[in-house]
Each structure stands twice: as structure tokens, then as C-alpha cells.
6 protein chains.
Amino acid sequence: MIELTRRATFSASHFYWNEEWTVEKNEQVFGRCARRNGHGHNYTLEVTVAGEPDPVTGFVVDLKWLKDVMEREVLDAYDHRHLNMEVAEFAKVIPTTENIAIAAWTRLAGVIGQGVNGTAVAQLSRVRVYETPEIFAEYRGGQ
Amino acid sequence: MIELTRRATFSASHFYWNEEWTVEKNEQVFGRCARRNGHGHNYTLEVTVAGEPDPVTGFVVDLKWLKDVMEREVLDAYDHRHLNMEVAEFAKVIPTTENIAIAAWTRLAGVIGQGVNGTAVAQLSRVRVYETPEIFAEYRGGQ
Amino acid sequence: MIELTRRATFSASHFYWNEEWTVEKNEQVFGRCARRNGHGHNYTLEVTVAGEPDPVTGFVVDLKWLKDVMEREVLDAYDHRHLNMEVAEFAKVIPTTENIAIAAWTRLAGVIGQGVNGTAVAQLSRVRVYETPEIFAEYRGGQ
Amino acid sequence: MIELTRRATFSASHFYWNEEWTVEKNEQVFGRCARRNGHGHNYTLEVTVAGEPDPVTGFVVDLKWLKDVMEREVLDAYDHRHLNMEVAEFAKVIPTTENIAIAAWTRLAGVIGQGVNGTAVAQLSRVRVYETPEIFAEYRGGQ
Amino acid sequence: MIELTRRATFSASHFYWNEEWTVEKNEQVFGRCARRNGHGHNYTLEVTVAGEPDPVTGFVVDLKWLKDVMEREVLDAYDHRHLNMEVAEFAKVIPTTENIAIAAWTRLAGVIGQGVNGTAVAQLSRVRVYETPEIFAEYRGGQ
Amino acid sequence: MIELTRRATFSASHFYWNEEWTVEKNEQVFGRCARRNGHGHNYTLEVTVAGEPDPVTGFVVDLKWLKDVMEREVLDAYDHRHLNMEVAEFAKVIPTTENIAIAAWTRLAGVIGQGVNGTAVAQLSRVRVYETPEIFAEYRGGQ
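Here the structure is a predicted model, which is why all the values come from computation and not from measurement.

Bringing the relation of the copies chain B and chain A into the picture now. Note on the copies: chain B fits chain A at an RMSD of 0.1 Å, the axial shift is 0.0 Å, and the rotation between them is 180°. A rotation of that kind, with that shift, is consistent with a two-fold axis. In this assembly, 100% of the residues forming the interface of chain B have copies in chain A that are likewise at the interface, indicating an isologous arrangement.

Here is the structure:
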């Protein structure tokens, strides 16, 4: 087993807000992140797949295919978007770095791991999302 | 003469829109950047001052003072903000990287260059703003 | 389970020296690191906590709280310090990158993992310390 | 147990080609990577060893020794080389990032983990190879 | 006047060889870089244009247009290529970092600076080429 | 004219102290930097030379020679040293980033710019010193 990772970036807006709280409570807990117009980040999405290198190609997974999957399943939905206002899964779930990593996993898990391009079958192993170079969340899926 | 530079980051939202254009024209010219909810970036602000090191302190300018100036004059206004909607100078000026660099220069130029903390007088020499690690604008003031 | 990581930096001095060895032996084993005035690094401390995102906040742990903990428990003691001469745990333990990671873990483990801020309980999962971008040690606690 | 990691870089050429395929098939699967003159990368090799810090030195492993091992076992063979044409293990195995990570592991595993320099015995734990900052493969050995 | 910079990367092979020298002389001067199969790098191309922001768009130059120009004029010719063997300007000129920067300038200077997309006219101001993060050449044209 | 730049790193200790001031005054102006045991940084030294590429080699200056010069003239004196206590020029001059850049220029200016290795004559053009990735000083010599 070997792990292969590809990174991509997307730029998005978000804010933190719990509809069941008062304005004061939101501002107390979320601070500057509670401002309702939103602020933004250059996020980095890091997707790791695990498998055996195909002896014919040397690939665990075709990196061009992985790039396409990442763009189609995640970046097209998140990049240059306001996550709270334009992305369905964040209508009621606060788009923290943790929740973005879980949501990206969910988007990818249905597509990766089913054998593509004639190469060996690889499994989604890890999704890491950086909000800034100093903060990141990592998810390895369910239990 | 020696130049001393300090970097800081801020996270903000913006979009590109010319009120005098139709929706179609805005979308044609600005593409994904024209989405009205905005998207965001981790911006890097890089401020350079030029002067002679004070023989008593070895400083061109006190870096703690410079940090405070950058925070008070620029970051407090831009960080965790939607630039188009919450920052006065971008009410009618599109917050491109170029215009953010010029606006940050304008904010800083009135404060830097007047001799502080008993150290030598230093001049604002350069403002650089990175929108992403791949794109930046640099302004040296004046004409 | 999801992991959330935050980075911070500190600047410190250290040297390598075993009091039970001769000068010659110290210089032979530790080379330039044995110079007794010390030399220094910009260290990066990377702290990872693991848990479930709180459904109310979306946080595994409040990142502002984590920042405060890192500053209070580690950075206040290590930053702008000479580790051998000013930090108790390195009076007799050589402050190698490995030992700094273990010591930072010990400092943090007593504080993280007890449920804070009304958010879900998260556990300290990993401490990584970079001495330079090319060298780092990682500790996950335990035996 | 603690893990200690050291990074190094090497610059090499490679191309992707399966001798049993037609030119068309190679170009279809490998795209620009199939051009036979080769292209190149600044690779980063990241080697992790695991063990207990020696109480006498504070080292899991002597980092100078680790640097020498990495240079002698991997960099001398790969750096400023055309991997397909000058490195034995890639005569028939396509030098994808995955296969380079496995090959570097194989080169290192015979040397690391046998107790050196009077320090504690450390085991090779992980080899990571970056082809670019956006793409990397990680191997932990075994089956 | 403000400067706007965009970065892109390309992966290429090269070697250093002067046809008028003996093998021994080439190896003496160029060392490992003289190996004739070539080795490679992840180069970074950094292109700077200078001008006034168009009051209508806020752009010195349309960054999408600049990206297209960089790809069409430089990256299509250099990326995934062996510079000595496949790029006309390096048939007789050794592809050192210095010469690559000058060649990229020459390729770009004929296209940038003639007013595009209805935006203000910007001039090519600077081309910087990184061979590695530690080595770069910068050219500002002229004589 | 083209500029060629090479980077190198060194790890050193320093503190800020003016012998003519009281302890209180030193602590007030220099804060944590006034602690007398010192603290340290991973400094980056960036040296730029300017000239014409030699038509025979394609080099403005031989990068191996430049590396040797940087090591012999600067790194051997500064790396793994306590700057205040072990480097002559900082016995009475406070080793701020500004003063380190000027001192490195002085060390290099006597050696670079006199024609070496049979290549074209290049001039020392710029010295930049990073104390951290967020703070750097740049010196271009002069009067």
C-alpha cells in the first residue's frame, strides 16, 4: 500500500453563525467570524488515495483523473463561492474547516475507489483542508 | 539607505462589479469574480520602509511600531471584512489587488515617515499585496 | 473523528552538551551544536487535537482557545528564550527537536482534552516541532 | 516512540513509457509525460525514522548520519540524473512518484534501523517523495 | 504606476554543455550539470507588468489574459520539454537560469504592452525565473 | 544586465542591548529581544549579483563559486554562532536585521565583482536578510 496525494486551492467566503443563538451570543462565540457579509480564504484541499501501483502504468491512480475529480466534485462547487449562501451542505451546517473537510470527503468518497482508467483500484484515504497555512483539518472518514 | 520589510496577513471577501455595466458585461469581463455574494482570500500585506539604521538602536524603524501601524491603519479595516461592502474606499473603486495596494499605501503614507519612537526617520518605500501566492501587486507611490 | 491542527512559531536559542562528557567528546558528537553560547532557530510548533465537531459550533475545539493554550503553556516559556539556560525541563535534558516535541506534549496534555468553552471534548493527538523547514520531530504521546 | 524527519531535494529527469504499448497508447495514457527526451522536477525526499530518544544524546538518530545516509543511498544515485536512463531500478519500472518512493524506501531500509553512532536503534518509518509541492507519494513499507 | 505580477510553473529538463569544449573541460566547468541525458527542475516563471489601473475595471492588465499569454508564449514551449533538445532558442544558447529569463522576456515582450481587452496599456516590466527556491534570475530587458 | 540571486540559510543567536542604557531602558525599547542569554533565528541570506551572461558559459557568475563565497565570507562566521558574542562586527553594533544585511554586504563586496573563474565580471547588487519569513532587510550598498 502506498498513498498518493494531490493538492488544489480554492478561494471562498464564509462566516460563522448559529441561527438559534442571539446576535450577542454569536458575536461572543465567533468573534470577527460572525460578521454576516462574510470574509474569505485561499483554501487548500489535499486529497490522498491509497492503493498499489498498477504494474502497467506505475500509478496508484491517474493524477489527471484525480485532478478532474477534485475539480468536478469539490472545486466547481466551492471555488469563488460564498459557502454559507451558495453551497447546499452549508445551508444549515456551519462551514468551519472541520466541516468543510468532512463535506469534501463525502463529495469525493462516492467517486474515488471504484477503479478508473484501467488502473488499479485505489481508496480515498484522507482529506485535509487548510484554511490558512496555520490551520488545517484532516478527515479519514467514518468509523 | 536600507529597506526593512514586514509582512502580515488578512482574510477578506470581495467581488468585481462595475455598476455602469449590465450583468452580462460584468460576467463576461470578470467571470467568476463577478458573483455578487463574494469570495475571499488570505491576503498578504508587505510593507517596506527605507532609511538609515539609528546608530543607537540599530533600527530603521521599530518593528513593533510598524506592526502596530499596519494593524491599526490597514488590518483593522480589512481583516475579516467584505471589502466591497464594509470598506469605504471600495464603495466605488473595485477592490482588485492593484487597488488594494494603492489604498493600503494611502492609509500608511500619512503615518509612516514622520519619525517615531526616537528612532531615525524612515520613509514608506513600497507596499506589496498578494491575493494568492501566485498574484501580487506592488506600489511605490506617487508618479 | 476529525483532527484539527494549529501552527505557531517561536524563536529560541539552544546548544547540545552532555555534562558527563569531555569537551572533546561533546564537540565530536555534537559538532557546531556544541558551541556553548548557543545558536538559534525559528521553531514551528504544530498542535493537533482530535474529536467530533460540536454540532452547535462546528468546532472540534475553539481555535482561539487553542491559540491561547499554545501561547500560555508553550510559547510564553520558550519564545525569545535560551532553552538550556531558561527553561526548567531542559536544565538536564538536551533540547533536541525530539525532546522539545515531548516537552511541549507534556505541557499541553494536562490542559487539552478536558472539554472547554462548551464545545465537544477533544483530545491532544499529535505535537510536531520543526527546527527548520527540513527537520521536524513528531510525538503522539504514550508508550 | 517519536518520529524524526529530515528533508532533502534532488533534481532529476524522467518520462513515462510502457515499452509494450504503441506510441499512440503511450501518448494517450501519459500525455505530455510520454515525451521521450524527458522533463524534470525538483523532487523533495522526506525520510522519517521512529524510535526513542537516546537519554545520553537526546537523539532518536544522529541527523548528520541521517543526512549522510540519504545522500549516499539515494541522492548520489538520483540527483542530476535521468531516472529512466541512468538509475538501475527504473530500467523497467516507470519512475512515477509512487515508484520513486518505494525505490527510495528499498534503498534506505537496508541501512536504517540497525543502530548507529552509539545512539538508540531507530527504524525507518516513512518515506515521502514530492514531485512538485502539489503532488507527493508516501510509503511505509511492508505488505 | 503600479506593478502586477503573476507566477506559473513549468517542469523541464536541461544540461549545460559547450560544443566547442572537450568533454573534460565541460565536466570541469559544469560538473553534474554536464551529464548529457539531462536533469530537471520545477521552474517558476514570474512575469511583472507595469501600468495604471484602468478606472473602469481596476486592472493594470486582465490576469486571465496574462495567464493565457504566459501559457501560449512560454509554457507551451517549455513545459514538459527538454530545453536543449526541443526549444529552438536553446539549440546553441546554454539554458542557464539567466538565459531562460532573457528568452522568456523576448517571447513575452512582443505580446505584452500593446493594450488588450480594452484595458489600459501595460508594459512588460520584469521577468524572474526560479530554477529552485534557492536560485533565480531576473531580467528587466533593455540594454 | 541581468540579476542572479542565490539563497542560503544560517542559524544564529542574538539579543538587542545598548551598553549605554540602563537595564530598564533596554527592556523598554527592546522588549523580549533584550534578554541577555539571547534567542535565535533561522536566517536566510539572499545575495544578488548583476552582470551580463558570459556567452561561453551562459553564466553571470558561476553559482558554485557564489555558494563558496557566501559560505566562506558569511556563513562560516555567522552560522551556529551567537552574533553578539562571537562575531567581531557585532561587538559594538547591535545585530538587527538591518545591521546584519549591511555587515554581510561589507563581507561580500570585497570579493564579488572582480571577475572570477574566467566568467564575465559581475557586481554585487543586493543583499537581503530574512530574520523570519515575515521580516527582512535589503541593502544595495552605496553611500
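Structure shown, so let's carry the discussion forward.
Regarding chain B and chain D, which are not in contact, the minimum distance between any of their C-alpha atoms is 13 Å. Chain A makes no contact with chain E; the smallest distance between any of their C-alpha atoms is 14 Å.

This part is about the interface of chain B and chain A. Every contact between the two is made by 20 residues of chain B and, on the other side, 20 residues of chain A. Summing the contributions of chain B and of chain A, the shared interface buries around 1,800 Å²; its carbon and sulfur component is 41%. Inspection of the chain B/chain A interface yields 2 salt bridges. Of the charged contacts, one joins Arg32 of chain B and Asp79 of chain A as a salt bridge, the two residues approaching to 2.4 Å between their closest N and O atoms. Counting only elements with at least two residues in the side of chain B that touches chain A, the list comes to strand E1 (2-14), strand E2 (39-51), strand E3 (81-82), helix H3 (83-86) and strand E4 (123-132) of chain B. Examining the composition of the side of chain B that touches chain A, we find that 4 residues originate from one element, E2 of chain B, more than from any other. Its residues placed into classes, the side of chain B that touches chain A shows 3 nonpolar, 11 polar and 6 charged.

Note on interface size: it is often stated as the accessible area lost on association of the parts. Contact residues are listed per partner, giving 20 residues for chain F and 19 residues for chain B. Taking both sides of the interface into account, the surface hidden between chain F and chain B amounts to around 1,600 Å²; carbon and sulfur atoms contribute 55%. Of all residues in chain F, the largest losses of buried area upon contact with chain B belong to Glu98, Ile135 and Phe136 of chain F, amounting jointly to 35% of the total for that side. At the surface where chain F touches chain B, the tally comes to 0 salt bridges. On the surface where chain F and chain B come into contact, there are 8 residue pairs in polar contact (both at pLDDT 80 or more). A per-element tally of the side of chain F that touches chain B places strand E5 (residues 135-139) of chain F first, with 5 residues. Here the side of chain F that touches chain B is composed, by residue class, of 13 nonpolar, 3 polar and 4 charged. One ladder, built from 5 bridges, connects E1 of chain B with E5 of chain F; its direction is antiparallel. Its bridge partner being in E5 of chain F, Ile2 of chain B is matched across the sheet by Tyr139 of chain F.

What follows concerns the packing of aromatic side chains. In this structure the tally under the stated criterion is 54 aromatic pairs over all chains. Aromatic pair Trp105 of chain A and Tyr139 of chain A: ring centres 5.6 Å apart, planes at 80°, arrangement edge-to-face. Of this pair, Trp105 of chain A sits in helix H4 (residues 97-109) while Tyr139 of chain A is found in strand E5 (residues 135-139), placing the two residues 34 residues apart along the sequence. Since its relative accessible area comes to 13%, Trp105 of chain A is described here as buried. The class for Tyr139 of chain A is buried, based on a relative accessible area of 12%. Directly above the aromatic system of Trp17 of chain B lies the positively charged group of Arg36 of chain B, at a separation of 4.2 Å from the ring centroid.

About the thresholds
Residues numbered from 1 in each chain as written. Chains lettered and ligands numbered in written order. Predicted model: local features only at pLDDT ≥ 70, side-chain atom pairs only at ≥ 80, totals over all residues. Heavy atoms only, no water. Least-squares fit on C-alpha atoms with pLDDT ≥ 70 in both. Contact = heavy atoms within 4.5 Å. Buried area = accessible area lost by both parts, 1.4 Å probe. Salt bridge = Lys/Arg side-chain N within 4 Å of Asp/Glu carboxyl O. Helix = DSSP H or I, 4+ residues; strand = E, 2+ residues; numbered from the N terminus. Nonpolar A, V, L, I, M, F, W, Y, C, P; charged D, E, K, R; others polar. Polar contact = N/O pair within 3.5 Å; in protein donor to acceptor, adjacent residues only side chain to side chain. Pairing = 2+ DSSP bridges. Phe/Tyr/Trp six-rings, centres within 6.5 Å; stacked < 30°, edge-to-face > 60°. Buried < 20%, exposed > 50% of the residue type's maximum accessible area, 1.4 Å probe, protein only. Lys NZ or Arg CZ within 6 Å of the ring centre and 35° of its normal.

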